[in-house]
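Each chain is listed here by its residues.
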Number of protein chains: 2
Amino acid sequence: MKIFQEEEIREFVGVNSKAIEIIEEGFAALAKGKVTLPPIMRIDIPENNGEIDVKTAYIKGLDTFAIKVSSGFFNNPAIGLPSLSGMMMLFSTKTGLTESILLDNGYLTDVRTAIAGAVAAKYLAKQNVQSVGVIGTGTQARYQIEALSLVRQFDTIYVYGRNEEAAKNYAVEMETKLGKKVIVAKSPERVVKMSEIVITTTPSTSPLIKAEWLHPGLHITAMGSDAEHKQELDENIFSKADLIVCDVKSQCFRLGELHHAKENGILDDDKNIVELGEIITGSQLGRTNNEQITVCDLTGTGVQDTVIARFAYEQLVTSKVF
Amino acid sequence: MKIFQEEEIREFVGVNSKAIEIIEEGFAALAKGKVTLPPIMRIDIPENNGEIDVKTAYIKGLDTFAIKVSSGFFNNPAIGLPSLSGMMMLFSTKTGLTESILLDNGYLTDVRTAIAGAVAAKYLAKQNVQSVGVIGTGTQARYQIEALSLVRQFDTIYVYGRNEEAAKNYAVEMETKLGKKVIVAKSPERVVKMSEIVITTTPSTSPLIKAEWLHPGLHITAMGSDAEHKQELDENIFSKADLIVCDVKSQCFRLGELHHAKENGILDDDKNIVELGEIITGSQLGRTNNEQITVCDLTGTGVQDTVIARFAYEQLVTSKVF
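Read on for an overview of the structure. (Residues numbered from 1 in each chain as written. Chains lettered and ligands numbered in written order. Predicted model: local features only at pLDDT ≥ 70, side-chain atom pairs only at ≥ 80, totals over all residues. Heavy atoms only, no water.)

### As for the overall build of chain A
What counts, and what does not: Here a helix means four or more residues in a row that DSSP labels H or I, a strand means two or more in a row labelled E, and each is numbered from the N terminus. The size measure is the radius of gyration over C-alpha atoms, and the globule rule it meets is 2.2 Å times the number of residues to the 0.38 power. For every residue, the accessible area (1.4 Å probe, protein chains only) is compared with the maximum for its type, and the residue is labelled buried under 20%, exposed over 50%, or partly exposed between those bounds. Only heavy atoms matter for contacts: two residues are in contact if any of them lie within 4.5 Å across the pair. Residue-level accessible areas treat just the shown protein chains as cover; the underlying method is Shrake-Rupley with a 1.4 Å probe. Neither His nor the chain ends contribute to the count of charged residues, in which Lys and Arg are positive and Asp and Glu negative. To locate a charge, the coordinates of NZ of Lys, CZ of Arg, CG of Asp or CD of Glu are taken.
Secondary structure assignment for chain A yields 11 helices and 15 strands. Here the C-alpha radius of gyration of chain A, 19 Å, is about what a compact globule of 322 residues would show, namely 20 Å. With the C-alpha coordinates of chain A rotated into their principal frame, the extents come out at 55 × 45 × 40 Å. Within chain A, the fraction of its 322 residues that count as buried is 63%. Taking the contacts inside chain A whose residues are at least 6 apart along the sequence as the reference set, 71% of them involve residues at least 24 apart. Of the accessible surface of chain A, which amounts to about 12400 Å², a share of 46% is contributed by carbon and sulfur atoms. The average position of the 33 basic charges and that of the 42 acidic charges among the side chains of chain A differ by 3 Å.

Shown next as structure tokens:
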């Protein structure tokens, strides 16, 4: 049984086209019914503003699968610690024995989450875009835009954060990193109005984006909501969208944006909702013209964890001498 | 973050009275409503005759809690590997960070499971017993009887296993270990008829003990069933029992012996079922006379994992120099 540290994992796994390929394979397996995906296990510790999630997925026929523990403790920054952390474990599907522990401190989750955003944009955003926007200024705001640059060319990034200082820091950092212009927006409204793709990356518990700001051709990916009380999108957005996509319907109707849309009577069943894997495999269509408004709700699935953990492990064991 | 191996964990945690004390504290916390106990997460891999469970529990106010992964792959013995394995992780309830990984290979589960059996017998078996019986000849058949000897004096052990050779090996080993007489029984019926306490420790999927074998004063603990398809006790046993106890009602009605009794209309609700923690805290009575037939259904709870993992960690960090 091999234990790997974050530093060595970072050497071998990153936001790149290989990661897109494996995450797409995971979503495709899900769409083909080849995945055992138990409901997320969650432990809430509200007195410390924290929660721990356990996710897992078994892709039938593969020799290993992952179990991931990820934590979000939102008082941590006040004591100089990151809010998010976690680890992944790989188990043999033949013997149940632990093959590896990946002490990634949430890094692999950051990558697989950002890559899912890129996959959504790949199939749902217009081919040609000039401006993209991001709501939030944290780690995912960075990774999501970096991943997006793998699938779409764009010149300008609009960023909005409640903390303007953090948004300014984001702008400086990302201009250097991506060589693109980053503009700090005064409001979420301005981000939406100026952008052809918008990604929301916050733990918000009330809608940040209003339906009246939508415009033809816009694609939105909301990746922040992964619990019943979280919500980034006004539920009326789902009545205006031409195409509604999500990672896993059952999960999004319980924890994601779709959950609020259903609760408010905007979506009364799942018949018009498409899963990302169905588009990847070609059984459903993604965007078909430049006028459609498309929305993708991502809650994060165990199948992404299993494929990224397997990939990391393969890279690590083939590249290292033990 | 500290990682411990099975060997060092075994030095500090064992089947002893201290373990009884901490497991009782766990059940008591559960009865007092102080525990967040999410449903078990399970991944079945039927093509390899395997399953992996994830259990957890947060005892409100404590500074750490455990998440446990345990696997049962029942083709393993054919290739020289143990069927059961697993590991526990301790997380800070303040920051969500991983405090420790206990690579116990299922040892702590063996201990906390056996100790729960001892706790059940402590409150539910007659004070004075001469003979006890065990169905099954595996690891738990050993640990359960060892743990039982902490709470009751007895002279003779009856053992039944489908594999007579394994039963004979058990007899030789346990006679030496406990200094008590061990008799290999020809049938489960003989075990039940000769014993005042019977513990079933098998992964059976059909009942091993029939209701017509019960006799006044008998106590049965069934600890094998932890999945919907497993069953060790004829469901009619629950209509003959004077006192029905379990570890957690919600879990036993889904996964344990109680599940089959309910499905067959023997138990139509949970009003006459007592949780072990309610007896420990004194809010419900255990055995009140020597004639009662008592039955305890144990499915294994995350709260046992949290208390034993916390205990192991405390012992390890206070006893070792880093």
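### Comments concerning the relation of the copies chain A and chain B
The condition is simple: When the copies are superposed, the least-squares fit draws on C-alpha atoms of residues that have pLDDT of at least 70 in both.
With an RMSD of 0.0 Å, the operation that places chain A on chain B is a rotation of 180° combined with a shift of 0.0 Å along the axis. The two molecules are tied by a two-fold rotation axis, judged by turn and shift. When C-alpha positions in chain A are compared against the rotation axis, the closest is assigned to Met-41 of chain A, at 3.3 Å. When the interface residues of chain A are mapped onto chain B, 100% of them again lie at the interface, so the same face is used by both copies.

### As for the pattern of salt bridges
Residues and elements named next belong to chain A. Formally: Salt bridges are counted wherever a side-chain nitrogen of Lys or Arg sits within 4 Å of a carboxyl oxygen of Asp or Glu.
Per the stated rule, a full pass over the model turns up 34 salt bridges over all chains. Glu-314 serves as the salt-bridge partner of Arg-310, at 3.8 Å between the closest nitrogen and oxygen. With a gap of four residues between them, Arg-310 and Glu-314 both fall in helix α11 (residues 302-319), about one helical turn apart. What makes Arg-310 buried here is its relative accessible area of 14%. Via salt bridges that share partners, Arg-42, Asp-44 and Glu-228 belong to a single interconnected network.

### Things to note about the interface of chain A and chain B
Reports of interface size often rely on the accessible area that becomes lost once the parts have come together. How we decide: Simply put, the buried area is the total loss of 1.4 Å probe accessible area from both parts when two parts are fitted together. Whenever two N or O atoms come within 3.5 Å, that pair is a polar contact, provided that in protein one can donate a hydrogen and the other can accept it, and provided that, for residues adjacent in sequence, both atoms are side-chain atoms. Under this grouping Gly is polar, as are all residues other than the nonpolar Ala, Val, Leu, Ile, Met, Phe, Trp, Tyr, Cys and Pro and the charged Asp, Glu, Lys and Arg.
Facing 39 residues of chain A, the contacting portion of chain B comprises 39 residues. For the pairing of chain A and chain B, the buried interface totals around 3000 Å² over both sides, and the portion due to carbon and sulfur atoms is 75%. One can count eight residue pairs in polar contact (both at pLDDT 80 or more) joining chain A with chain B. Elements with a minimum of two residues in the side of chain A that touches chain B: β3 (41-45), β4 (50-59), β5 (64-73), β6 (84-92) and β7 (98-103) of chain A. The class makeup of the residues in the side of chain A that touches chain B is 23 nonpolar, 11 polar and five charged.

### Comments concerning the pairing of strand β7 (residues 98-103) of chain B
Two faces, one strand: in a regular strand the side chains alternate between the faces of the sheet. All names here are of chain B. Counted only if it meets this: Strand pairing follows a simple DSSP-based rule, namely that at least 2 bridges must link the two strands.
Burial of β7 is extensive: five of the six residues sit out of reach of the surface. Taken together, the four bridges between strand β1 (residues 2-5) and β7 define a ladder with parallel strand orientation. The residue of β7 that forms the bridge with Phe-4 is Leu-102. Bridging between strand β6 (residues 84-92) and β7 involves four bridges; their strand directions are antiparallel.

### What about the sheet that holds strand β13 (residues 243-246) of chain A?
Residue and element names in this part refer to chain A. To keep things clear, this is the line we draw: With axes taken as lines fitted to C-alpha atoms, and helix axes fitted only over the stretch in contact, angles between N-to-C directions fall between 0 and 180 degrees.
With parallel pairing, the eight strands of this open sheet are ordered in space as β10-β9-β8-β11-β12-β15-β13-β14. Each edge of the open sheet carries a strand with a single partner, namely β10 (181-184) and β14 (273-275). Between one strand and the next, the sheet's axes are offset by a mean angle of 20°, whatever the strand orientation. Of the strand pairs in this sheet, β13 and β14 are connected by three bridges, and their pairing is parallel. By the bridge assignment for β14, Ile-244 is matched with Ile-273. Of the strands in this sheet, β12 (219-222), β13 and β15 (294-297) touch helix α3 (residues 107-124), which is tilted by about 160° from β12. Contacting β8 (131-135), β9 (156-160) and β10, helix α5 (residues 164-178) runs over the sheet at an angle of about 175° to β10.

### With respect to the packing of helix α4 (residues 139-148) of chain B against helix α5 (residues 164-178) of chain B
All names here are of chain B. To keep things clear, this is the line we draw: Geometric relationships in this document are graded by angle, where less than 35 degrees denotes roughly parallel, more than 145 denotes roughly antiparallel, 65 to 115 denotes roughly perpendicular, and other angles denote oblique. For any pair of crossing helices, the crossing counts as left-handed if the nearer helix is rotated counterclockwise from the farther one by less than a right angle, and right-handed if it is rotated clockwise.
One way to put it is that α4 packs onto α5 with a least axis distance of 11 Å and a crossing angle of 30°. Classified by the interaxial angle, the pair formed by α4 and α5 is roughly parallel. Every pair of crossing elements has a handedness; the one defined by α4 and α5 is right-handed. Along the contact surface, α4 presents Ala-141, Arg-142, Ile-145 and Glu-146, while α5 presents Asn-169, Tyr-170, Glu-173, Met-174, Lys-177 and Leu-178. The class makeup of the residues in the contact of α4 with α5 is five nonpolar, one polar and four charged.

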